[in-house]
Structure formats: C-alpha cells, structure tokens
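Remarks on the overall topology
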Amino acid sequence: METNEMGSSRSVRNSSVFGVLASRMVAGRRQKAVSATNGFLHRLRIEPLESRRMLTTYVVDSLADVTNPDDGVLTLREALVATNAASNMDEIVFDPSLAGGTLVMNGSQFDIIHSTIIRAPEGGSITIDAGGTRRVFNVGAVTNEAVLCGLTITSGYWSTSGGGIRCSNGTLTLVNCVVTGNVAGDYGGAIAALNSSRLTIINSTIVGNRATNRAGGVYLDANSTLTMHNSIVAMNQATNSPDLYGTPSGTSSHNLIGGNPGFVRAPAAGDPGDLRLAEGSSAIDAGDTALLIAPGGQAIAFDVNGEPRVSGSTIDIGACEFQHASNPDERLPGDANGDRAVDAADAAKLASNWGKSDMTWADGDFNDDRLVNAMDAAILAAHFGMTLPVAIEA
C-alpha cells in the first residue's frame, strides 16, 4: 500500500481489467487524491494492465450528476473528466454499494474521447437515465476502445441520430448491457455508429427504442462495422428497418434480431417492461458461452441483474440470464412466465391459451397434461399472489 503526496491511500495489485475489486481504501473518512490533469479530487487505485503501462481505476461512489471537487465523493461525470484527459486506458467502476441504482442525468451528454472502461458492480446494473432530454453517451475518436459493461442506458433523446449512444469514428464495445427507451429524431434510436466506427455488442439487449426514419435499434452507416454475439435487437420502432439498419460482420453469431424474444413483460408505451427471459423464451440456452469474453480475456460471471451468467446448459442470448430451477418440482405452481411470482401476467397467459392442446408450462399448463383448462386455472388461483423470494440457482 502507498500514500500519495496528498495523504490519500491507494493500493497496487495485479488484476485483469475486469477482475473483481477485492478491497476498498477507507482511511477515517473517504478521501480523494488530486488529479494532476483536471484539478478535481479523485480516489485512485493503480493496477498494472500490462508490462508497459498502468491502468488507473476510478471508483464512482455517488449517483449524483455533479462536478464538485469539495463534496467528498466521486461521480461519473468527474471520473470522465479525468479519463478523457489521460494518455492510457483507464477504468471507471461503480462502487458495489450502488448496485441496482439509477443515475439521473441533469447535465449534458457523457462524452468519451479516450480509451475507457465503464462497468457496473457485479451485484447488479447501474441505470443511466437521460430523462428524455439528452443523449446518454457520445463516443468520439477513441484511440483504442471504449467499453460499457453491465449498464442500462435509457431515456436518451437526440434530434438527429443516436438517442442512447452515438459513436463517431470510434471503437465501442457493449457487454451485458441493456439499451431501452431511447429516441432519435431521424435514425439510430438506441445506437448510431458513424464515420468508420467499430461497434461490438456482446450479450446485450436492445429493445423498446424508436426513431422516426431508420433503425429504432442500431444504425450503421456504410463505413462502420458491427460484430455482435449472443445479443437481442428486437421490438424497436422506426419507419424503415426498425431493429437494425446495416449488416453485422460474418463472424457475428447467436443473435435474435426482430420478432418476440419472450420477455417476462415486453416493453410498451409508457412501460419499460421486464426484460428478464420468460420460461419458454427462444433465447434460453441459445448462446455460445465462449463468446462472452471481456477485454482482458476474462469471462463475465454475472448478468446485468447480478444473477449467475450461466444457469442452464449454456449461456442465454441477451443481457438477462434465465435462472433455471434445479428440477421442475421447484417451480412455483401457476408461474407461467418464470418470474417467481403468480400474478395477473400468468392469469393472462392462461386465459390466452384457454382450451388449447399441446401446451407447456409456459403456456399455462401447470399439471403437465398438455391442456389448458379448469384444472390449471384452479392451480393458478390457489397460488395467486405467492412469490419465491430467492432465485433458485442451478
């Protein structure tokens, strides 16, 4: 352990880029070290990335959207001021205490103009909500790569392109991310890749975005490239090519583009939905586990909700992993969509299949006789309102 000239603590250890931050430095009260590049106070952790350069990790411990060097905390906006002025790749990681939280933007779009990794803690996603009045991320001519991992990017808006994310002449990778509820006035409601950009999307879910003209989901201009693995791009809206405008590279595989992936609750106007996979979804066990490799060569252990990333025989497609029960008897009777609760959504599913044959549990057949009838309705009624408080892991 070292102490810098300002008296703040920092630790030095070997770790891959996506290694777990095993310890946090707390000395009486939280302190920040003065950054020589921007004048803001920052709590730093220095980690070797390779033999020739050092990785600086900024630990964000506040979901406020401010730049205040005297408030004793580090925000995402402050951390980006530092990384954008740096010369090597840096990492911004949200403190575990913020897992599942929401950062509501009240400033301009977040600009990324330097090689930077931004990742949520393993306990759950960080939602970045632009409030429908600004874009979330603008990625410029990044020298090496910008990486977003474990984030939910929502409610972005831009009058032309890239309501959620705009990447222009940059290199951007999304891993375990959800991009939903973003709007562009022309094209690329979720993401617009422009001017020879290089876009990679891995185990991410891009749904419920819209654009007026082309690609409510992902837009590629003629000179940009997209490599996509284990990802869902569906249920987006636009006049032309609602989900994807452009062609992924030939190496892309195990994706669901268009159609209904089978969510617990699909997004709709005014409703962000529940983007976990429902039992029976075509995305379950349909990915390739070997393709989920983060920069640094390390596999991702958890999905965007903090659940185990592989629960069944292989990885699922999308950002959310369906959590299999260890055996069918551990399912909650009446829970058709697999969200561990018996509620109106399950009743609606049963009603929609009433009287049908060749049905499954996901269709409302809870006694496995391949029929949806009064016996299944009785099972659902007997368990209505019940929940499984803890996910059952394989």
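Keep in mind the model is a prediction, meaning the values are calculated, not measured.

1. Notes on the overall build of the protein chain
The secondary structure content of the protein chain amounts to 3 helices and 30 strands. In the protein chain, buried positions account for 51% of the 394 residues. Summing over all exposed atoms, the protein chain offers an accessible surface of approximately 15800 Å²; the carbon and sulfur share of this is 51%.

2. As for helix α3 (residues 374-383)
Two or three places before Met375, at the opening of α3, Asn373 has a side-chain oxygen 3.1 Å from that residue's backbone nitrogen. Once α3 finishes, Gly385 follows within two positions and takes phi at roughly 90°, a positive value.

3. Looking at the nonpolar core
Formed by 44 residues in total, the largest nonpolar core has its most connected members in Ile118, Phe137, Leu148, Leu151 and Leu199. Broken down by element, the residue count for this core peaks at 4 residues, all from helix α1 (residues 76-84). With 15 residues, the next largest nonpolar core counts Phe263, Leu277, Val304 and Cys320 among its residues.

4. Things to note about the packing of aromatic side chains
Under the counting rule described, the total for this entry stands at 4 aromatic pairs. Between Phe110 and Phe137, the aromatic rings sit 5.9 Å apart at their centres with planes inclined by 40°, giving tilted as the arrangement. Taken together, the residues Phe110 in strand β9 (residues 110-112) and Phe137 in strand β12 (residues 137-139) connect sequence positions 27 residues apart. The same class applies to Phe110 as to Phe137, namely buried. Through successive ring pairs, a cluster of aromatic residues spans Tyr187, Tyr219 and Tyr245. Taking NZ or CZ as reference, Arg135 lies 3.9 Å from the ring centre of Trp158, over its face.

5. Description of the side chain of Asn236
On the secondary structure map, Asn236 appears in the loop between β26 (232-234) and β27 (244-245). There is a polar contact of 2.9 Å between the side chain of Asn236 and the backbone nitrogen of Asn209. Other than its neighbours up to four places away in sequence, Asn236 contacts Ile206, Val207, Gly208, Asn209, Gly216, Gly217, Pro242 and Asp243.

6. Quick look at the pairing of strand β20 (residues 191-194)
Moving residue by residue along a regular strand, the side chains alternate between the two faces of the sheet. Because side chains alternate across β20, one face comprises the buried residues Ile191 and Ala193, and the other comprises Ala192 and Leu194, equally buried. With 4 bridges connecting them, strand β16 (residues 165-168) and β20 associate as parallel partners. The residue of β20 that forms the bridge with Ile165 is Ile191. With 3 bridges connecting them, β20 and strand β24 (residues 218-220) associate as parallel partners. Following the sheet pairing, Ile191 is matched in β24 by Val218.

7. So, the sheet that holds strand β28 (residues 256-257)
Strand order in the open sheet made by the 7 strands is β8-β11-β14-β18-β22-β26-β28, with parallel pairing throughout. Lying at the two open borders of the sheet, with one neighbouring strand each, are β8 (102-104) and β28. Across 3 bridges, the pairing between strand β14 (residues 151-154) and strand β18 (residues 178-180) is parallel. In the sheet register, Thr152 faces β18, and the bridge partner there is Val178.

8. A closer look at the environment of Ala347
Note that Ala347 resides in helix α2 (residues 344-352). When its relative accessible area of 27% is taken as the criterion, Ala347 is described as partly exposed. C-alpha separation for the pair Ala347 and Ala381, spaced 34 residues apart in sequence, amounts to 8.7 Å.

9. Side note on the environment of Ala99
Mapping Ala99 onto the fold places it in the loop between β7 (90-94) and β8. Through-space distance from the C-alpha of Ala99 to that of Ser125 is 6.0 Å; in sequence the pair is 26 residues apart. Residues contacting Ala99, with those up to four places away along its chain left out, are Pro121, Gly123, Gly124, Ser125 and Ile126.

10. Brief notes about unusual backbone geometry
Not every positive phi belongs to a glycine, and Asn176 is a case in point at roughly 55°. With respect to the secondary-structure elements, Asn176 resides in the loop between β17 (171-175) and β18. For Asn230, which is not glycine, the phi torsion reads 55° and is therefore positive. Residue position: Asn230 is located in the loop between β25 (225-229) and β26.

11. Some remarks on the sheet that holds β24
Strand order in the open sheet made by the 6 strands is β9-β12-β16-β20-β24-β27, with parallel pairing throughout. What marks the edges here is a single partner per strand, and that holds for β9 and β27. As judged from the 3 bridges shared by β12 and β16, these two strands associate in the parallel manner. Among the inter-strand pairings, Val139 is bridged to a residue of β16, identified as Cys167.

12. Description of the pattern of salt bridges
Between side chains of opposite charge, a pair can form as their charged atoms come close. Enumeration according to the criterion identifies 7 salt bridges in this entry. The closest approach of N and O atoms between Glu91 and Arg119, which form a salt bridge, is 2.6 Å. With Glu91 in strand β7 and Arg119 in strand β10 (residues 116-119), the pair connects residues that are 28 residues apart, well separated along the chain. Per residue, the accessibility class of Glu91 equals that of Arg119, and both read buried. Taking the shortest distance from any N to any O, the salt bridge between Arg340 and Glu307 comes out at 3.7 Å. You can see Arg340 sitting in the loop between β30 (274-277) and α2 and its partner Glu307 sitting in the loop between β30 and α2, a full 33 residues away along the chain. For the residue pair Arg340 and Glu307, the accessibility class agrees, reading buried in each case.

13. So, the environment of Ile284
Structurally, Ile284 is set in the loop between β30 and α2. The exposure class of Ile284 is buried, given its relative accessible area of 16%. Aside from chain neighbours lying at most four places away, what touches Ile284 is Leu277, Ala278, Glu279, Asp316, Phe322 and His324.

Parameters and conventions
- All chains use their own residue numbering, which begins from 1 and follows the written sequence.
- Reporting of local features is limited, given that this is a predicted model, to residues whose pLDDT is at least 70; pairs of side-chain atoms are given and counted only at 80 or more, and all residues count toward the totals for whole chains, interfaces and linings.
- Only hydrogens and water are set aside; all other atoms, that is, all heavy atoms of the structure, feed into the side-chain values.
- We count a stretch as a helix when DSSP gives it H or I for four or more residues in a row; a strand needs E for two or more, and each element gets its number in order from the N terminus.
- The buried label goes to any residue with under 20% of its type's maximum accessible area, the exposed label to any with over 50%, and the partly exposed label to all in between, with areas taken from a 1.4 Å probe on protein chains only.
- Working definition of accessibility: Shrake-Rupley area with a 1.4 Å probe, residue cover restricted to the visible protein chains.
- Any N or O atom pair separated by 3.5 Å or less is treated as a polar contact, with the protein-specific requirement of one donor-capable and one acceptor-capable atom, and with residues adjacent in sequence counted only for side-chain atom pairs.
- What makes a nonpolar core is a set of buried Ala, Val, Leu, Ile, Met, Phe, Trp, Tyr and Cys residues whose side-chain atoms join them at distances within 4.5 Å.
- Only Phe, Tyr and Trp rings take part, Trp by its six-membered ring, and two of them pair if their centres are within 6.5 Å. Stacked means planes under 30 degrees apart, edge-to-face means over 60, and tilted covers everything else.
- By definition, being over a ring means that NZ of Lys or CZ of Arg is both within 6 Å of the ring centre and within 35 degrees of the ring normal.
- Should any heavy atoms of two residues lie within 4.5 Å, those residues are considered in contact.
- One requirement defines pairing of two strands: DSSP has to find at least two bridges between them.
- For salt bridges, the criterion is a side-chain nitrogen of Lys or Arg within 4 Å of an Asp or Glu carboxyl oxygen.

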